[in-house]
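Coordinates in review
The primary structure of each chain is shown beneath.
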Amino acid sequence: MQRLLGEADWDVDGVRDDVRDFVVETIGARDGILIGDDTGFLKKGTGSAGVQRQYTGTAGRTENSQVGTFLAYASAKGRALIDRELYLPKSWTDDRERCRAAGIPDEVPFATKNEHFRWMLQRAIDAGVPFAWVTADEAYGQVKHLRVWLEQRGVGYVLATRVNDTVTTTGWREDRVDELVAALPRQAWKRLSGGPGSHGERVYDWARVAIRPVWEDGAGHWVLARRSVKDPTDIAHYVCYGPVATRLKDLVKVAAARWAIEECFQSAKQECGLDDYQVRRYPGWHRHMSLAMAAHACLTVLRARELEKGDAV
């Protein structure tokens, strides 16, 4: 296994693309959703590529870890990871000797997780992956140039954002998303399910407000809000872009789909060894992730086929 991950001659990006194509061939759909997120891998020492003390949601705190950015594909048939990038902090990319020792090529630059997300989305677009929407949490959604980048490519999105994020509204004003939501009348809120979760249906109150006076190229912009049924002060906010005919329940479906990548992380780590590796070098990390993603994709497809036959539980 160490030889396969560290020394054998094989095309790791080709395998990544084969995994993506396999997923698309088996669970792909025109209304598919692409989901971006990152996850951490706790590590000891300082030799593993990209490792440093940094925040990771895996531990819920700052720990010595590596962080990978991933792209998942979700449809009614299932969900699977289709792309990956290892995050390299500036403490690494500013030290090229350290990078070379860990197998990081000189041409690999510093890139934010948001840039990784765009790289992976562009690869999916270039490969003709069928999808209708993109979603991600507020670490990505609050970045306005990502939203512009998606709109320039005609890609619909439902992206979580900060409570104090601002959006362009009538008269080209900049208004806070929470203030727009607070001004909505009571009847604007609808109780809808975001789909099944580990504890039953994810039921919340949802509302949206259109935020652009001009609906360009048949597309519109909205702020979407999700309010807890138990605690009305607990409100999450999203910025959205998509076809003008998009309904509230369509936006809710996309917003709720973000949890699919969390489920991918959980199952890939528990069942496919996504976080169980003994490699330190940059190529080895990508090789391990690609093979774990391939195993996870196989399980996803097997389950999808069993569901079609009515045998899955």
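Residues numbered from 1 in each chain as written. Predicted model: local features only at pLDDT ≥ 70, side-chain atom pairs only at ≥ 80, totals over all residues. Heavy atoms only, no water.

A word on the pairing of strand β8 (residues 173-176). The sheet contact formed by strand β7 (residues 166-169) and β8 spans 4 bridges and is antiparallel. Paired with threonine 166 across the two strands is arginine 176, which belongs to β8. Connecting the antiparallel pair β7 and β8 is a turn made up of 3 residues, with glycine 171 showing a positive phi of about 75°. (Pairing = 2+ DSSP bridges. Helix = DSSP H or I, 4+ residues; strand = E, 2+ residues; numbered from the N terminus.)

This brings us to the nonpolar core. Leu34, Phe70 and Leu81 are the most contacted members of the largest nonpolar core, which totals 85 residues. The biggest single contributor to this core is helix α11 (residues 282-309), with 7 residues. In contact with leucine 81, other than residues within four places in its own chain, are Val19, Phe70, Leu71, Ala72, Ile261, Cys264, Phe265, Ala268, Leu274, Met293 and His296. (Core = buried A, V, L, I, M, F, W, Y, C linked by side-chain atoms within 4.5 Å. Buried < 20%, exposed > 50% of the residue type's maximum accessible area, 1.4 Å probe, protein only. Contact = heavy atoms within 4.5 Å.)

For strand β11 (residues 219-227), a buried count of 8 out of 9 residues is recorded, marking the element as mostly surrounded by other parts of the structure. Sheet topology note: the strand β10 (residues 200-210)/β11 ladder contains 6 bridges and is antiparallel. Paired with valine 209 across the two strands is valine 223, which belongs to β11.

Applying the stated criterion across every chain yields a total of 10 aromatic pairs. With centroids separated by 6.1 Å and ring planes inclined at 80°, the aromatic side chains of phenylalanine 41 and tryptophan 285 adopt a geometry described as edge-to-face. Pair noted here: phenylalanine 41 is in strand β1 (residues 33-42) and tryptophan 285 is in helix α11, with a separation of 244 residues, a long-range link. An identical accessibility class is assigned to phenylalanine 41 and tryptophan 285; each is buried. Residues phenylalanine 70 and phenylalanine 265 carry aromatic rings whose centres are separated by 5.5 Å and whose planes lie at 75° to one another, so their mutual orientation is edge-to-face. Linking phenylalanine 70 in strand β3 (residues 61-75) with phenylalanine 265 in helix α10 (residues 259-272), this pair joins segments that are 195 residues apart in sequence. Taken together through their ring pairs, the aromatic side chains of Phe41, Phe70, Phe265, Tyr277 and Trp285 make up a single cluster. Directly above the aromatic system of tryptophan 92 lies the positively charged group of arginine 98, at a separation of 3.7 Å from the ring centroid. (Phe/Tyr/Trp six-rings, centres within 6.5 Å; stacked < 30°, edge-to-face > 60°. Lys NZ or Arg CZ within 6 Å of the ring centre and 35° of its normal.)

It is worth spelling out the layout of surface pockets at this point. If a probe as big as a water molecule is rolled over the atoms, it shows which places are left empty. By volume, the largest pocket is sized at about 900 Å³. If you trace the largest pocket, you find 29 residues lining it, with Ser75, Gly78, Arg79, Ala260 and Glu263 closest to the centre. Of all elements in the fold, only β3, β4 (78-86), β9 (190-197), α9 (248-257), α10 and α11 reach the threshold of two or more residues within the lining of the largest pocket. Tallied by class, residues from the lining of the largest pocket come to 11 nonpolar, 10 polar and 8 charged. Within this model, the second largest pocket holds a volume of roughly 300 Å³. Along its surface, the second largest pocket is lined by 16 residues, and Asp37, Asp38, Thr39, Thr56 and Gly57 are the ones closest to its centre. Residue assignment for the lining of the second largest pocket shows that the elements contributing at least two residues are β1, β2 (52-56), α6 (138-141) and α10. For the lining of the second largest pocket, the leading source of residues is β1, giving 4 residues. Of the residues belonging to the lining of the second largest pocket, the class tally is 4 nonpolar, 5 polar and 7 charged. (1 Å grid on protein atoms, 1.4 Å probe; cavity = no way out; pocket = protein on both sides within 12 Å on 5 of 7 lines; lining within 4 Å. Points joined across faces, edges and corners; volume = space filled by probe spheres on them. Nonpolar A, V, L, I, M, F, W, Y, C, P; charged D, E, K, R; others polar.)

One can find threonine 26 in helix α2 (residues 12-27). Reaching out from threonine 26, the side chain makes a polar contact with the backbone oxygen of phenylalanine 22 at a distance of 2.7 Å. (Polar contact = N/O pair within 3.5 Å; in protein donor to acceptor, adjacent residues only side chain to side chain.)

This part takes up the environment of leucine 291. Residue position: leucine 291 is located in helix α11. Ignoring any residue separated from it by four or fewer positions in sequence, one finds leucine 291 in contact with Leu4, Leu5 and Trp10.

Attention now moves to empty space enclosed by the protein. In this structure the tally under the stated criterion is 2 cavities of 30 Å³ or more. The calculated volume of the largest cavity comes to roughly 60 Å³. Lining the largest cavity are Gly194, Arg202, Tyr204, Trp206, Arg226, Tyr238, Ala255, Ala256 and Trp259. Of all the elements in the fold, those that place two or more residues in the lining of the largest cavity are β10 and α9. Considering every element that reaches the lining of the largest cavity, the biggest residue donor is β10, with 3 residues. Looking at the lining of the largest cavity residue by residue, the class counts come to 6 nonpolar, 1 polar and 2 charged. Computed from the structure, the second largest cavity encloses a volume of approximately 30 Å³. Every residue along the wall of the second largest cavity is listed here: Arg20, Leu71, Ile82, Asp83, Met120, Arg123 and Ala124. Where the lining of the second largest cavity is concerned, the elements lending two or more residues are β4 and α5 (113-126). For the lining of the second largest cavity, the element with the most residues is α5, which contributes 3 residues.

Limitation: the analysis is restricted to geometry and does not speak to function.
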